[in-house]
Amino acid sequence: MATGEPLGILTTDNGVNNLLKEHYKAERVKAMTYEHNPLYALMPKYEKFGGDGMPVPLIVTGPQRRSATFGTGQANTSTSVMRQFFLTRVKDYSFAAIQHEAIRASAGNADAFVRYASNEIDGAIHSLKRSLAVAMYRDGSGQIGTINSSNPGDGDTSFTLATPADIVNFEVGMDIVFAADGTSALRSGGFETITAVDRVAGTISCTALHADVAAGDAVFQSGDYVSASDRLKIRGLEAWVPEASSTLTASATKTLFGVDRSVDTTRLGGNRFDGSALPIEEALIEGASLVAREGGAPDHIFMDFASYSNLEKALGSKVQYDKVSTSDASIGFDALVLNGPRGHMKVIPDHNAQPNVAWMLQMNTWTLNSLGAAVSILDLDGQNMLRVTDADAYETRIGFYGNVSCNAPGYNCRVKLA
């Protein structure tokens, strides 16, 4: 539509809808979501995740009918041990409200309308991409922070996070809820709305906290957590390669997508290395050696910015830099290069990563699976905007349907740095 052409009345085939379709082409939305989100951008994608679920097969071990003695080997009846994760989708949504009056006020200026509408829609897309990018590192519970050891009282209007760096997961206007941990029932008081954020101290101000909110409580965005039996968010790295090996043997948590991982906790649940007592570069080399022993060849390492800075300083004059790009080379990221036992590993900082953890990944074992593009405007009916029934406004809906999969957890490692 030419600039200055009237927008007209909002109908199925109107100028407003066509303007938004042109502005939010799939390529532009994809570029918006990839920017500044390295793991999300670089993880291989599969966008045809249909049906009720998707099998992800894995050979745990081959047949063990081997012996230096013919008869002994022949008599052994073992066969290959195979497991199959049955991946299911989760959903995530974000919404943008566009006031009818503002649409009318810009009716004679298409550019003005796009600027107005894109402010809200870009914000909604950003909110959803951050939700996915953070969740790709987590365990699926939706937990985005923990209250520190200082017990908030009934009616208090603020609390401080146990890990101040987790403040990047919180925004003013967000509704949050609490539970004793990621396996307990929600606190009974309902949600609180964030009114202010101190990003230096890691302190969150909100409406009055209820009496049952306590020190050590897990914090979730409202709607992301219902109970321990429901995992409403992506099963990310922490689900596939958990911090504690006990997670892989405990009756409540050892099963992932139908697979009992206690059969072989490494091949079905990845490697863990505690490098907190070592210099950061030594911790990473030891983790890489552990993966190499299991047959893996990690090629990417993702960590928070503070850890990346510590590594950069530790390497000093030995530091090497490189560039890593998405498959279509539309988005690139700077990286450090670390030499491992199976070749070079590119170390990339990501503000979505947990503090003091390095995720050492063989990227071709991972996939972000989705039904259509991972983040997309929900417009199956051809409409980018829908009339809001109880307000003088229109709504744009952005959604995601999918999950993360790994076909060889044992080729990856979670390295604890502090």
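Throughout what follows, the structure given in this document is the object of discussion. Here the structure is a predicted model, which is why all the values come from computation and not from measurement.

### Focus: the pairing of strand E22 (residues 393-406)
Right, so step 1: The element E22 is extensively covered by neighbouring structure, given that 12 of its 14 residues are classed as buried.
Right, so step 2: Note: strand E4 (residues 90-99) against E22, 10 bridges, orientation antiparallel. For Gln 99, the partnering residue across the bridge sits in E22 and is Ala 393.
Right, so step 3: The pairing of strand E19 (residues 366-370) with E22 spans 5 bridges and is classified as antiparallel. Among the inter-strand pairings, Thr 367 is bridged to a residue of E22, identified as Ser 405.
Right, so step 4: Here strand E20 (residues 376-377) pairs with E22 via 2 bridges, running antiparallel.

### Observations regarding the packing of helix H9 (residues 280-293) against helix H10 (residues 305-315)
Right, so step 1: Between H9 and H10, whose axes approach to 8 Å, the crossing angle comes to 100°. Viewed along their axes, H9 and H10 adopt a mutual orientation that is roughly perpendicular. Judged by residue contacts, Ile 280, Glu 281 and Leu 284 of H9 engage Ser 307, Asn 310, Leu 311, Ala 314 and Leu 315 from H10.
Right, so step 2: Residues belonging to the contact of H9 with H10 are distributed by class as follows: 5 nonpolar, 2 polar and 1 charged.

### Structural notes on helix H6 (residues 110-135)
Right, so step 1: Here H6 is 26 residues long and its end C-alpha atoms lie 37 Å apart, about the 38 Å a rise of 1.5 Å per residue gives.
Right, so step 2: Along its length, H6 reaches its greatest deviation from straightness, about 30°, at Ser 118.

### Comments concerning the pattern of salt bridges
Right, so step 1: Counted by the stated rule, this structure contains 13 salt bridges.
Right, so step 2: Residue Arg 199 pairs with Glu 171 through a salt bridge whose shortest N-O separation is 3.3 Å. Of this pair, Arg 199 sits in the loop between strand E8 (192-198) and strand E9 (203-206) while Glu 171 sits in the loop between strand E6 (158-160) and strand E7 (175-179); the two residues are 28 residues apart in sequence, bridging distant segments of the chain.
Right, so step 3: Under the relative-accessibility criterion, Arg 199 is labelled partly exposed at 41%.
Right, so step 4: Classification of Glu 171 by relative accessible area gives partly exposed; the value is 39%.
Right, so step 5: Close ionic contact of Glu 294 with Arg 293 constitutes a salt bridge, the shortest N to O distance being 2.9 Å.
Right, so step 6: Overall, the relative accessible area of 23% leaves Glu 294 in the partly exposed class.
Right, so step 7: Under the relative-accessibility criterion, Arg 293 is labelled exposed at 62%.

### Concerning H10
Right, so step 1: All of the buried residues in H10 are Ser 307, Tyr 308, Leu 311 and Leu 315. In an axial view of H10, the angular spread of the buried residues amounts to 100°, which keeps them on one side of the axis.
Right, so step 2: Buried residues along H10 sit against H9, strand E14 (300-303), strand E15 (321-325), strand E16 (332-340) and strand E17 (343-349).
Right, so step 3: N-cap assignment for H10: the residue whose side-chain oxygen lies 3.2 Å from the backbone N of Ala 306 is Asp 304.
Right, so step 4: Looking one or two residues beyond H10, the residue adopting positive phi is Gly 316, at roughly 55°.

### With respect to the sheet that holds strand E5 (residues 143-146)
Right, so step 1: Spatial strand order, E5-E10-E7-E8-E9-E6: 6 strands in an open sheet with antiparallel pairing. In this open sheet, the two strands that pair with only one neighbour each are E5 and E6. If you compare each strand with its neighbour and ignore which way they point, the axes differ by 40° on average.

### What to know about the packing of helix H2 (residues 26-34) against H6
Right, so step 1: Where H2 meets H6, the axes come as close as 9 Å, and the angle between the chain directions of the two elements is 55°. Between H2 and H6, the angle is such that the two are oblique. Like other packed secondary-structure pairs, H2 and H6 cross with a definite hand, here right-handed. In this structure, H2 uses Arg 28, Val 29, Met 32 and Thr 33 to contact H6, whose residues at the interface are Asp 122, Ile 125 and Lys 129.
Right, so step 2: Along the lines of polarity and charge, the residues of the contact of H2 with H6 split into 3 nonpolar, 1 polar and 3 charged.

Calculation notes
Residues numbered from 1 in each chain as written. Predicted model: local features only at pLDDT ≥ 70, side-chain atom pairs only at ≥ 80, totals over all residues. Heavy atoms only, no water. Buried < 20%, exposed > 50% of the residue type's maximum accessible area, 1.4 Å probe, protein only. Helix = DSSP H or I, 4+ residues; strand = E, 2+ residues; numbered from the N terminus. Pairing = 2+ DSSP bridges. Axes fitted to C-alpha atoms, helices over the stretch in contact; angles between N-to-C directions. Parallel < 35°, antiparallel > 145°, perpendicular 65-115°, else oblique. Contact = heavy atoms within 4.5 Å. Nonpolar A, V, L, I, M, F, W, Y, C, P; charged D, E, K, R; others polar. Expected span 1.5 Å × (residues − 1). Bend = angle between axes of the 7 residues up to and from the residue. Salt bridge = Lys/Arg side-chain N within 4 Å of Asp/Glu carboxyl O. Arc of directions from axis to C-beta. Polar contact = N/O pair within 3.5 Å; in protein donor to acceptor, adjacent residues only side chain to side chain. Left-handed = near helix turned anticlockwise from the far one by under 90°.

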